[in-house]
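Fold and geometry: a report
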Amino acid sequence: MTGSPHLSDPSTPSDPSDVSAASDVTGATGATGATGATDRATDASGRVRWRRFAVLTVPAVAVTAGLGIALAQGALAASFAVSGQQFKVSASSLEGEGFAQYGSVDVNARQELIPVAVTAIREAKLHSLCQSVVTSLPVIGDISLNLSAGRKAPVEASNLFVDATQLAGDAVFSNIEIGRDASTLDKGPADAQGMQDLFGQQADTVHITNLQQTAWATNAGTFKLTGLSMNVSKGKKECF
């Protein structure tokens with residue numbers, strides 16, 4: 001005889017239960033793989049969500065931190081939250097003693113930081129002062145608030161601080177220092193100093209004719225307005 005009819009193929013399970021067991025193992029392995037893939041997808045999704053959260057949160061935290069640092073270092077110019085409107089100021093001439101100028105920031109009610117150039121004068125006299133601000137209202141349109149003073153006698157101010165974004169005129173300074181560290185300024189009002197390492201300039205006296213400036217805020221220890229006049233009118237009526 002050349003062979004036994006009872007010899008079986010080694011690749012074929014000899015017991016049907018072996019087939020069932022193999023199927024169970026394969027199924028379990030597939031289920032475990034699917035579960036792992038799902039967990040990994042969930043983890044990846046979680047990581048993406050946290051990254052998005054971080055991207056949205058970091059700018060707000062940075063702004064808050066920047067405001068805190070500015071407060072701690074005395075970098076904020078105005079001692080109050082400025083409005084959302086700038087105003088214009090003009091004068092035929094300004095004479096000042098103890099002049100200082102440096103960069104700083106104002107903050108509004110939304111906690112947004114606004115860059116400004118602070119002009120600080122220990123004693124100032126302004127001739128023919130004009131101040132204007134225009135407000136646009138629904139239905140009514142533009143409303144102008146105008147203030148004038150100092151036509152006969154000059155307006156007088158002590159410890160004057162103006163947080164401006166624009167200034168123009170013809171100026172003459174005496175004993176000016178340009179490029180001095182803003183934290184070391186000592187010719188202006190007592191509190192007229194900026195942050196360390198920032199640009200500053202100062203002078204013993206300043207004389208400006210045809211003054212025009214746009215500002216966010218003005219502070220003064222005293223502000224004497226001779227011949228004060230204020231009026232509100234429709235339309236856009238500005239000092240310049």
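Our structure's up above, just so we're on the same page.
Below: a short report on this structure.

Scoring rules and cut-offs
- Residues numbered from 1 in each chain as written.
- Predicted model: local features only at pLDDT ≥ 70, side-chain atom pairs only at ≥ 80, totals over all residues.
- Heavy atoms only, no water.
- Helix = DSSP H or I, 4+ residues; strand = E, 2+ residues; numbered from the N terminus.
- Buried < 20%, exposed > 50% of the residue type's maximum accessible area, 1.4 Å probe, protein only.
- Core = buried A, V, L, I, M, F, W, Y, C linked by side-chain atoms within 4.5 Å.
- Phe/Tyr/Trp six-rings, centres within 6.5 Å; stacked < 30°, edge-to-face > 60°.
- Salt bridge = Lys/Arg side-chain N within 4 Å of Asp/Glu carboxyl O.
- Contact = heavy atoms within 4.5 Å.
- Pairing = 2+ DSSP bridges.
- Patch = residues over 30% accessible without salt bridge, like charges linked within 9 Å, V, L, I, M, F, W, Y side chains within 5 Å.
- Areas by Shrake-Rupley, 256 points an atom, 1.4 Å probe, with all protein chains shown as cover.
- Disulfide = S-S within 2.5 Å.

Turning to the side chain of S148, a few remarks are in order. Within the element layout of this structure, S148 appears in strand β4 (residues 141-149). The class of S148 is buried, set by a relative accessible area of 19%.

This brings us to the nonpolar core. One broad trend across soluble globular proteins is that nonpolar side chains are buried collectively. L94, I121, L126, V206 and L211 are the most contacted members of the largest nonpolar core, which has 21 residues in total. The set of elements that each furnish at least two residues to this core consists of β1 (87-107), β2 (113-127), β3 (129-137), β5 (155-174) and β7 (199-219).

Summed over all chains, the structure comprises one aromatic pair. With a centroid separation of 5.1 Å and an interplanar angle of 50°, the aromatic rings of F99 and F173 are classed as tilted. Placement of F99 in strand β1 and of F173 in strand β5 is noted, with a sequence separation of 74 residues between them. Residue F99 is classed as buried on the basis of its relative accessible area of 3%.

As a further point, take the pattern of salt bridges. This structure, assessed with the given rule, holds five salt bridges. Notably, a salt bridge pairs K88 with E238, separated by 3.6 Å at the nearest N-O pair. Here the residue K88 occupies a position in strand β1, and E238 occupies one in the segment after β9 (229-234), the gap between them amounting to 150 residues. Given a relative accessible area of 35%, E238 falls into the partly exposed group.

With respect to the secondary-structure elements, Q201 resides in strand β7. Separated by 16 residues in the primary sequence, Q201 and L185 place their C-alpha atoms 7.5 Å from one another. Dropping the residues within four chain positions of it, Q201 is found in contact with F99, A100, Q101, E177, I178, G179 and L185.

The topology assignment puts P115 in strand β2. Beyond its immediate stretch of four places on either side in the chain, P115 contacts S104, V105 and T165.

As paired elements, β2 and β5 share nine bridges and run antiparallel to each other. The partner of E123 across the bridge, within β5, is S158.

Time to look at a nonpolar patch on the surface. Among the surface-exposed residues, F173, I176, I178 and F199 lie close enough to one another that they form a single nonpolar patch of about 380 Å² accessible area. If you trace the backbone, F199 turns up in strand β7.

Its identity as a non-glycine residue notwithstanding, S128 has a phi of 50°, on the positive side. Secondary-structure assignment places S128 in the loop between β2 and β3. On the accessibility criterion, S128 (26% relative accessible area) is partly exposed. Phi is positive for D197, which is not a glycine, with a value near 80°. Its location among the elements puts D197 in the loop between β6 (177-181) and β7.

The next subject is the state of the cysteines. Tallied over the entire structure, the rule returns one disulfide. In this model, C130 is linked to C239 through a disulfide, with the two sulfur atoms separated by 2.0 Å. Because the sign of the S-S torsion sets the handedness, a value of about -85° for the bond joining C130 and C239 places this disulfide among the left-handed ones. Within this pair, whereas C130 is found in strand β3, its partner C239 is found in the segment after β9, the two being separated by 109 residues in sequence. By relative accessible area, which is 19% here, C239 ends up buried.

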